[in-house]
Amino acid sequence: MTLQGKTAVVTGSTSGIGLGIALALARQGVNIVLNGFGDTSQPKAEVAALGVQVAHHGADMSKPAEIADLMAFAASQFGGRHVDILVNNAGIQHVAPAQDFPVEKWDAIIAINLSSAFHTTRLALPAMLEAGWGRVINVASTHGLVASAQKSAYVAAKHGIVGFTKAVALETATTGVTVNAICPGWVLTPLVQKQIDDRSQREGISVEQAKKDLLGEKQPSLQFTTPEQLGELAVFLSSPAADNVRGVAWQVDGGWTAQ
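Residues numbered from 1 in each chain as written. Predicted model: local features only at pLDDT ≥ 70, side-chain atom pairs only at ≥ 80, totals over all residues. Heavy atoms only, no water.

K.L.:
Looking at this model, I keep getting lost on the pattern of salt bridges. Mind explaining?
P.N.:
As a working rule, side chains carrying opposite charge can pair if their charged atoms are close by. Counted according to the given criterion, the structure contains six salt bridges. In this structure, Asp243 engages Arg135 in a salt bridge whose closest nitrogen and oxygen atoms are separated by 2.6 Å. Taken as a pair, Asp243 in the loop between α8 (227-238) and β7 (249-252) and Arg135 in strand β5 (residues 134-139) lie far apart in primary sequence, 108 residues in all. On the accessibility criterion, Arg135 (1% relative accessible area) is buried. Put simply, Asp198 and Lys194 hold a salt bridge, and the shortest N to O gap is 3.0 Å. Here Asp198 and its partner Lys194 are both found in helix α6 (residues 190-203), four residues apart, which amounts to about one turn of the helix. By relative accessible area, which is 32% here, Asp198 ends up partly exposed. A residue is classified by how much of its surface remains accessible, and Lys194, at 52% relative accessible area, is exposed. (Salt bridge = Lys/Arg side-chain N within 4 Å of Asp/Glu carboxyl O. Helix = DSSP H or I, 4+ residues; strand = E, 2+ residues; numbered from the N terminus. Buried < 20%, exposed > 50% of the residue type's maximum accessible area, 1.4 Å probe, protein only.)

Here you go:
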């Protein structure tokens, strides 16, 4: 396992995609710093059960000072000197037409979904560059490549993440640090489940029908992508096979953006 003993920070990793990625990296021997709200005992136990070290930091990813504390905390864990793998996954969503979009929701989505990745990356890069190896993996979205109505803030933030990924990949192109983005389509996370439940209630249909309708509109495979699949892609992007994969926005979307 070429990643054995490395340290990874995965933001927004107490559930969903972030936890799936954390678990996949842990299976390769990577020590994990989790981040997120809610009960942390279960995700910490799941990671620890894979035989690696695990810690949690509850930084609010909308606050640069707390992000700086998270990155300093992570660098000091597990006897290491720095963060080897940074996965920027934290994200929130709000759905409304632009003219009705609450200003505070816009600001929060941009801060958590986009600006937090800048802050973690700028803090992680110096030590990665000095060490001659590092991985920055940004969890973008299909909405980083195409748009949907009533998601202006999310679409803007995710397009921004894809652009940020490309720019920093060029800046690090001659180094041992790679920067890439993963663009999932529909993944059955708590965030997406809430959209399904809201749709079910709004349209007076079953939850199962709401799932089918959601997939049918966008995702030709009619299957949800799983956090485990995204985790395995993150492992690949961290492996020597991906040493020259730089600045990609890798779709895992069941054909959504092929249409």
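So, next bit.
K.L.:
What's the story with the side chain of Gln219 in this structure? I'm lost.
P.N.:
Its location among the elements puts Gln219 in the loop between α7 (207-218) and α8. For Gln219, a relative accessible area of 1% corresponds to the buried category. There is a polar contact of 2.7 Å between the side chain of Gln219 and the backbone nitrogen of Trp186. Only 2.7 Å separates the side chain of Gln219 from the backbone oxygen of Gln223, close enough to count as a polar contact. Those residues in contact with Gln219 that sit more than four places away from it in its chain are Gly185, Trp186, Phe224, Thr225, Asp253, Gly254 and Trp256. (Polar contact = N/O pair within 3.5 Å; in protein donor to acceptor, adjacent residues only side chain to side chain. Contact = heavy atoms within 4.5 Å.)

K.L.:
Got a minute to help me understand the domain arrangement of the protein in this structure?
P.N.:
Each domain of the protein was delimited in the assignment, giving domain 1 (7-187 + 226-252) and domain 2 (188-224). Domain 1 and domain 2 are separated by 25 Å when their C-alpha centres are compared. Contact residues are listed per partner, giving 11 residues for domain 1 and 11 residues for domain 2. The junction of domain 1 with domain 2 conceals about 970 Å² of combined surface from both sides, 60% of it contributed by carbon and sulfur atoms. Three residues stand out in domain 1 for area buried against domain 2, namely Gln93, Trp186 and Val187, and they jointly supply 63% of the buried area on that side. Across the domain 1-domain 2 interface, the total number found is zero salt bridges. Where domain 1 packs against domain 2, one counts five residue pairs in polar contact (both at pLDDT 80 or more). A breakdown of the residues in the side of domain 1 that touches domain 2 according to their chemical character gives four nonpolar, six polar and one charged. (Domains from an automatic or database assignment. Buried area = accessible area lost by both parts, 1.4 Å probe. Nonpolar A, V, L, I, M, F, W, Y, C, P; charged D, E, K, R; others polar.)

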